[in-house]
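So you can see what is in the structure, the chains are spelled out below.
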Amino acid sequence: MANLGATKKHKVMVVGSGNWGTTMAKIAAENTKANPNLFEPDVRMWVYEEEVTVPKESKLYDGDSEKKHKLSEVINKTHENVKYLPGVTLPDNVIAEPSIQEAVKDATILIFVLPHQFIAKSCDQIKGHILPFARGVSCTKGVDVSESGVQLFSESIGAKLGIYCGALSGANIASEIAQGKYSETTVAYDPPPMDSRQPSRQASPTQSPSASTVELVNPHMEHTEHKSAKLYPLPIDFPPLSHENIKKLFHRPYFHVRMVSDVAGVSLGGALKNIVALAAGFVDGLGWGDNAKAAVMRVGLLEEVKFGEKFFSESVQARTFTEESCGVADIITSCSGGRNFRCAKMSIERGVSINEIEETELNGQKLQGTSTAYEVNSFLKSQGMENEFPLFTAVYNILEGKTKPEEIPDIIEPKD
Ligand SMILES: NC(=O)C1=CN([C@@H]2O[C@H](COP(=O)(O)OP(=O)(O)OC[C@H]3O[C@@H](n4cnc5c(N)ncnc54)[C@H](O)[C@@H]3O)[C@@H](O)[C@H]2O)C=CC1
Ligand SMILES: O=C(CO)COP(=O)(O)O
């Protein structure tokens, strides 16, 4: 689509700087540089500030291996996130910013890549500091479960901030992609109709467009106050955020993007596969091997589709799970080398809790599968549907110590 009337460029920022957050900032920064007609080059990356030591090879190393440095300063001075993505050089247009309000200032595109447990608080901190017509893309894998029901993070971010938010998810182990190894991903962006460009429209100043009421969130939530919200149209002096232009922000020669409109399918695939990956880790930890893993992956895929069809029936498409990277491919990669899989496997092999493994083995990185298993279970319980999702329920019960991993085959066997 032509950039009709566009005189401004999008300013892109990333909320998060973990293993995937830093990788997404690298990808976005490579693309903002490559597409100067669409994007400002600099990509700010919000860093949840912490003190780190630097390795001997770092130019900041002064002989004192215990000396602490601020992570954001290390990133800006050395172009390396030594804690969450060590060994990868970031483009110099990735700018680490420890203040979340500064990081989001004037950004038109916000890429959310935080562990899901930190999204709500971060949105509270951002609220009132973003452009009213900003747009979001959620790369977080998890679901937002509350008393009102289950929401996608794209929905809860959108509702909290009053912006449209899409989703990116795929078979994407961050460290491989950060090294430029080939992978695919799925981006769901279903832009509000008000963002589509009418050639006859006159260019209008950035501040002037008025808000319209649109559906922002899952209409199936029973008690939500956020069913619809005021959404500001993207001013015509910015390039449109069409599929074509959104793709240009994420697609790289080593990171192939497929654009879809099924935000629910993309988000649910990323969230639910983390429960499946725990199950795969449990059976692998027992030494049962690849056939056992394939069995839980097969059942896990079916439960993902069923969950989508039961609770997001108006929007989700089963083929998103079976045909796209965010579905079956993410189950395969996560059950082969993901952190949830690896930690679940170690917990069985060593006979210690998975939380202890997360604490000792991940150096601050976070598992999403354990909390997602609890959140999905509390939602299924509230719906009286635990028995309809035997694998998801078994993972929860194993985490609770109520079921043994050895019981998985019987539990997932269809009952007459
Ligand atoms: N690492 C991977 O291979 C992939 C991860 N994802 C998803 O991306 C999301 C983010 O994961 P990663 O970037 O890998 O993070 P991570 O697990 O590597 O790092 C944890 C992050 O949380 C931050 N943090 C800790 N306490 C915090 C607090 N109180 N408030 C805000 N932030 C805090 C840390 O600074 C760090 O940036 C997750 O939902 C994950 O499932 C998706 C695809 C691949
Ligand atoms: O989402 C991922 C791969 O697509 C990464 O999974 P883990 O969080 O289990 O490492």
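The rules we used
- Residues numbered from 1 in each chain as written.
- Chains lettered and ligands numbered in written order.
- Predicted model: local features only at pLDDT ≥ 70, side-chain atom pairs only at ≥ 80, totals over all residues.
- Heavy atoms only, no water.
- Helix = DSSP H or I, 4+ residues; strand = E, 2+ residues; numbered from the N terminus.
- Rg over C-alpha atoms; globule rule 2.2 N^0.38 Å.
- Buried < 20%, exposed > 50% of the residue type's maximum accessible area, 1.4 Å probe, protein only.
- Areas by Shrake-Rupley, 256 points an atom, 1.4 Å probe, with all protein chains shown as cover.
- Lys, Arg positive; Asp, Glu negative; His and termini not counted.
- Charge placed at Lys NZ, Arg CZ, Asp CG, Glu CD.
- UniProt positions renumbered as here; feature names shortened; annotations may be inferred.
- Pairing = 2+ DSSP bridges.
- Axes fitted to C-alpha atoms, helices over the stretch in contact; angles between N-to-C directions.
- Contact = heavy atoms within 4.5 Å.
- Left-handed = near helix turned anticlockwise from the far one by under 90°.
- Nonpolar A, V, L, I, M, F, W, Y, C, P; charged D, E, K, R; others polar.
- Parallel < 35°, antiparallel > 145°, perpendicular 65-115°, else oblique.
- Near = heavy atom within 4 Å.
- Polar contact = N/O pair within 3.5 Å; in protein donor to acceptor, adjacent residues only side chain to side chain.

## Re the overall build of the protein chain
Each helix and strand counted, the protein chain has 16 helices and 14 strands in total. For the protein chain, the C-alpha radius of gyration of 21 Å lies close to 22 Å, the compact-globule estimate for 416 residues. Across its three principal axes, the protein chain shows a C-alpha extent of roughly 65 × 60 × 35 Å. Looking at the 416 residues of the protein chain, the share that counts as buried comes to 56%. Accessible surface computed for the protein chain: about 17,600 Å², of which carbon and sulfur atoms make up 48%. In the protein chain, which carries 43 positive and 53 negative side-chain charges, the distance between the mean positions of the two groups comes to 5 Å.

## Remarks on the UniProt feature "domain: Glycerol-3-phosphate dehydrogenase NAD-dependent N-terminal" (unreviewed entry) in the protein chain
UniProt marks residues 11-190 with the feature "domain: Glycerol-3-phosphate dehydrogenase NAD-dependent N-terminal" (unreviewed entry), using the numbering shown here. For residues 11-190, helix accounts for 28% and strand for 27%, while the C-alpha atoms at its two ends are 20 Å apart.

## Details of the sheet that holds strand S10 (residues 164-169)
If you walk across this open sheet you meet the 8 strands as S5-S2-S1-S6-S7-S10-S11-S14, and the pairing is mixed. With one partner strand each, in any of the chains shown, strand S5 (94-97) and strand S14 (255-260) form the two edges of the open sheet. Strand-to-strand twist across the sheet, computed as the mean angle between neighbouring axes with direction ignored, equals 25 degrees. Here helix H7 (residues 243-250) sits on the sheet and contacts strand S1 (10-15), strand S2 (39-46), strand S6 (109-112), strand S7 (135-138), S10, strand S11 (183-188) and S14; the angle it forms with S14, its principal contact strand, is near 155 degrees. Along the sheet, helix H11 (residues 325-337) makes contact with S10 and S11, crossing S11 at roughly 145 degrees.

## A short note on the packing of helix H8 (residues 263-285) against helix H15 (residues 390-399)
It is at 10 Å that the axes of H8 and H15 come closest, and there the two elements cross at 65 degrees. Of the two elements, H8 crosses H15, and the hand of that crossing is left-handed. Two secondary-structure elements touch here, H8 through Leu272, Ile275, Val276, Leu278, Ala279 and Phe282 and H15 through Leu391, Phe392, Val395, Ile398 and Leu399. Looking at the contact of H8 with H15, its residues break down into 11 nonpolar, no polar and no charged.

## Comments concerning the pairing of strand S8 (residues 143-146)
Here S8 shows a clear split, with Val143 and Val145 buried on one side and none of Asp144 and Ser146 buried on the other. Relative to strand S9 (residues 149-152), S8 runs antiparallel, the two sharing 4 bridges. Bridge pairing in S9 places Asp144 opposite Gln151. Turn length for the S8-S9 hairpin, with the two strands adjacent in sequence and antiparallel, is 2 residues.

## Structural notes on the packing of H8 against helix H14 (residues 369-382)
Relative orientation of the contacting elements H8 and H14 amounts to 110 degrees, with a least axis distance of 8 Å. The angle between H8 and H14 places the two elements in the roughly perpendicular class. Residue-level contacts link Ala271, Leu272, Asn274, Ile275 and Leu278 of H8 to Gly369, Thr370, Thr372, Ala373 and Val376 of H14. Per-class residue counts for the contact of H8 with H14 are 6 nonpolar, 4 polar and no charged.

## Some thoughts on the site of ligand 2
Lining the immediate environment of ligand 2, one finds Lys141, Gly170, Ala171, Asn172, Ile173, Lys273, Asp330, Thr333, Ser334, Gly338, Arg339 and Asn340. A distance of 2.8 Å separates an oxygen atom of ligand 2 from a polar side-chain atom of Lys141. Taking Asn340, its side chain carries an N or O atom lying 2.7 Å from an oxygen atom of ligand 2. Compared with its free state, where it exposes 310 Å², ligand 2 has 92% of that area covered by protein. Of all the elements, H11 adds the most residues to the shell around ligand 2, at 3 residues. Looking at the shell around ligand 2 residue by residue, the class counts come to 2 nonpolar, 6 polar and 4 charged.

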